[in-house]
Amino acid sequence: MGHHQNHVIFVKPFLRKDSWVLDVDCGTGRIISDIAKICDKGRSIGVDVDELVIHIAKAKYQTQSNLIFICFDLYRLPNKLNICFDLILISNILQHLKDPLKAIKTLSKLIKPSGFIAMKEDDWGSFVIGPENEYLNLALILRQKLWKANGDDSLLGRNLKSLTYEAKLEPVDISSQYLFFQNKKDIYRIADQLIKFYSNKNNTDALQSYALVIQYTLTKVITTLKDWKFSNKAIFTHASIQCIATNPKDVLL
Ligand SMILES: C[S@@+](CC[C@H](N)C(=O)[O-])C[C@H]1O[C@@H](n2cnc3c(N)ncnc32)[C@H](O)[C@@H]1O
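These remarks concern the structure in this document. (Residues numbered from 1 in each chain as written. Predicted model: local features only at pLDDT ≥ 70, side-chain atom pairs only at ≥ 80, totals over all residues.)

## Considering the overall build of the protein chain
Point 1. Check the secondary structure of the protein chain and you find 10 helices and 7 strands.
Point 2. Here the C-alpha atoms of the protein chain give a radius of gyration of 20 Å, agreeing with the 18 Å that 2.2 N^0.38 yields for 253 residues.
Point 3. Along the longest, intermediate and shortest principal axes, the C-alpha atoms of the protein chain span 60 × 40 × 30 Å.
Point 4. For the protein chain, the residues scored as buried account for 32% of the 253 residues in total.
Point 5. Of the contacts formed within the protein chain by residues at least 6 apart in sequence, a portion of 75% connects residues at least 24 apart. (Helix = DSSP H or I, 4+ residues; strand = E, 2+ residues; numbered from the N terminus. Rg over C-alpha atoms; globule rule 2.2 N^0.38 Å. Buried ≥ 20, exposed ≤ 12 C-beta atoms within 10 Å, placed from the backbone. Contact = placed C-beta atoms within 7 Å.)

## Some words on the nonpolar core
Point 1. Counting residues in hydrophobic clusters, the biggest one holds 42 residues, and the most contacted among them are Val 21, Ile 88, Ile 117 and Ala 118.
Point 2. In this structure, Leu 140, Trp 228, Ala 234 and Phe 236 belong to the second largest nonpolar core, which totals 14 residues. (Core = buried A, V, L, I, M, F, W, Y, C linked by C-beta atoms within 7 Å.)

## Some details on unusual backbone geometry
With glycine set apart, most residues show a phi of negative sign, and most peptide bonds adopt trans.
Point 1. Here the amide bond leading from Gly 130 into Pro 131 is cis, since omega sits at 0°, within 30 degrees of zero.
Point 2. The residue Pro 131 is located in the loop between β5 (111-130) and α5 (134-149) in this model.
Point 3. Despite not being glycine, Ile 83 shows a phi value in the positive range, around 50°.
Point 4. Tracing the backbone through its elements, the reader meets Ile 83 in the loop between β3 (67-71) and β4 (85-91).
Point 5. Residue Asn 92 is not a glycine yet carries a positive backbone phi of 55°.
Point 6. Residue classification places Asn 92 among the partly exposed positions, given that 17 C-beta atoms sit within 10 Å.

## Thoughts on the site of the ligand
Point 1. In the vicinity of the ligand, 14 residues are found, and the nearest of them are Asp 25, Gly 27, Asp 50, Leu 74 and Ser 91.
Point 2. For the shell around the ligand, the per-class residue count stands at 7 nonpolar, 3 polar and 4 charged. (Near = placed C-beta within 6 Å. Nonpolar A, V, L, I, M, F, W, Y, C, P; charged D, E, K, R; others polar.)

## Details of the sheet that holds strand β2 (residues 43-48)
Point 1. Strand order in this open sheet of 7 strands is β3-β2-β1-β4-β5-β7-β6, and the pairing throughout is mixed. On the outer flanks of this sheet lie β3 and β6 (170-181), each paired with one strand and no other. The sheet shows a mean angle of 15° between the axes of neighbouring strands, taken without regard to direction.
Point 2. One ladder, built from 5 bridges, connects β2 with β3; its direction is parallel. Along β3, the bridge assignment pairs Ser 44 with Leu 67.
Point 3. Across the face of the sheet, helix α4 (residues 100-108) comes into contact with β4 and β5 while running at roughly 150° to β5. (Pairing = 2+ DSSP bridges. Axes fitted to C-alpha atoms, helices over the stretch in contact; angles between N-to-C directions.)

## Looking at α5
Because each turn of an α-helix spans 3.6 residues, side chains separated by three or four positions in sequence point in the same direction.
Point 1. Taking 1.5 Å per residue, 16 residues should reach 22 Å; α5 reaches 22 Å between its end C-alpha atoms and fits that length.
Point 2. Of the residues making up α5, those classed as buried are Leu 136, Ala 139, Leu 140 and Leu 142. The buried side chains of α5 occupy one side of the element, clustering within an arc of 165° when seen end-on.
Point 3. The secondary structure elements touched by the buried residues of α5 are β5, α7 (184-199), α8 (201-209) and α9 (215-229). (Expected span 1.5 Å × (residues − 1). Arc of directions from axis to C-beta.)

## Observations concerning the packing of α7 against α9
Point 1. One can describe the packing of α7 onto α9 by two numbers: an axis separation of 9 Å at closest approach and a directional angle of 160°. In terms of orientation, α7 lies roughly antiparallel with respect to α9. The chirality of how α7 crosses α9 is left-handed. Listed contacts from α9 to Ile 187, Tyr 188, Ala 191, Leu 194, Ile 195 and Tyr 198 of α7 are Leu 218, Val 221, Ile 222, Leu 225, Lys 226, Trp 228 and Lys 229.
Point 2. Here the contact of α7 with α9 is built from residues that sort into 11 nonpolar, no polar and 2 charged. (Parallel < 35°, antiparallel > 145°, perpendicular 65-115°, else oblique. Left-handed = near helix turned anticlockwise from the far one by under 90°.)

## With respect to α7
Point 1. The terminal C-alpha atoms of α7, which comprises 16 residues, lie 22 Å apart, in line with the 22 Å expected from a rise of 1.5 Å per residue.
Point 2. Every buried residue of α7 is listed here: Ile 187, Ala 191 and Leu 194. The arc enclosing the buried residues of α7, seen along the axis, measures out at 65°, which places them on a common side. Facing away from the buried side of α7 by over 90 degrees, the exposed positions are Lys 185, Arg 189, Asp 192, Gln 193, Lys 196 and Ser 199.
Point 3. Each element contacted by the buried residues of α7 is listed here: α5, β6, α9 and β7 (235-246).

What follows is the structure in structure tokens.
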């Protein structure tokens, strides 16, 4: 099953044919395109801050008449969208934002009183990489440490429930799944992302300046990743945590 299908399965019970749906970090639009097919009597909008991905999404899905793409920063969505949506989807971006709580509160103003916010975040503290190897483990742990030093929160998934309450919303469905990768194509992609990360001088300089690692270990990490990429024994799995939230009942009364 493709990565985007997990998102669609997760929100599907909360969609109607006439739902208005907003995906606030839609990338090239695959998830919101599938949602627009389910809500074929409603409207779907994909938003992303990156002009290039919006350009690609517009070209890819131009035949879907109930689907539009707009380039916007999720913190600066226009006021006229207030109380418009039956469901807003935000996934794998809260962990990269300086103020995820502010983002959730901003979005909560855009849902109808009985609408939903669907949040889904990978939790990188839950990974298993195999076969067992200390340098493979380090490849993931060091990347997480640098993300953290740079202000990202790679463990945000486990805090989705508490963030929901802090935003004065009510969780109605929380669950988690382990995403499991073992076929060649996925292992190539994951290995390449990690090799690219450790081939970036800014990253390796930063890791060394924070005294998180020495050059010898970095070299071992890269050579181990290159071997792992072509190993038919390679597996990788990590948790993704998802939460659907709505306005508390006493606000609706
Ligand atoms: C990791 S991708 C997630 C894509 C998709 N939601 C998914 O789960 O596959 C993050 C996306 O968020 C977009 N993004 C980052 N900051 C944003 C912001 N402030 N407002 C809207 N989109 C943003 C990026 O351009 C990128 O396309």
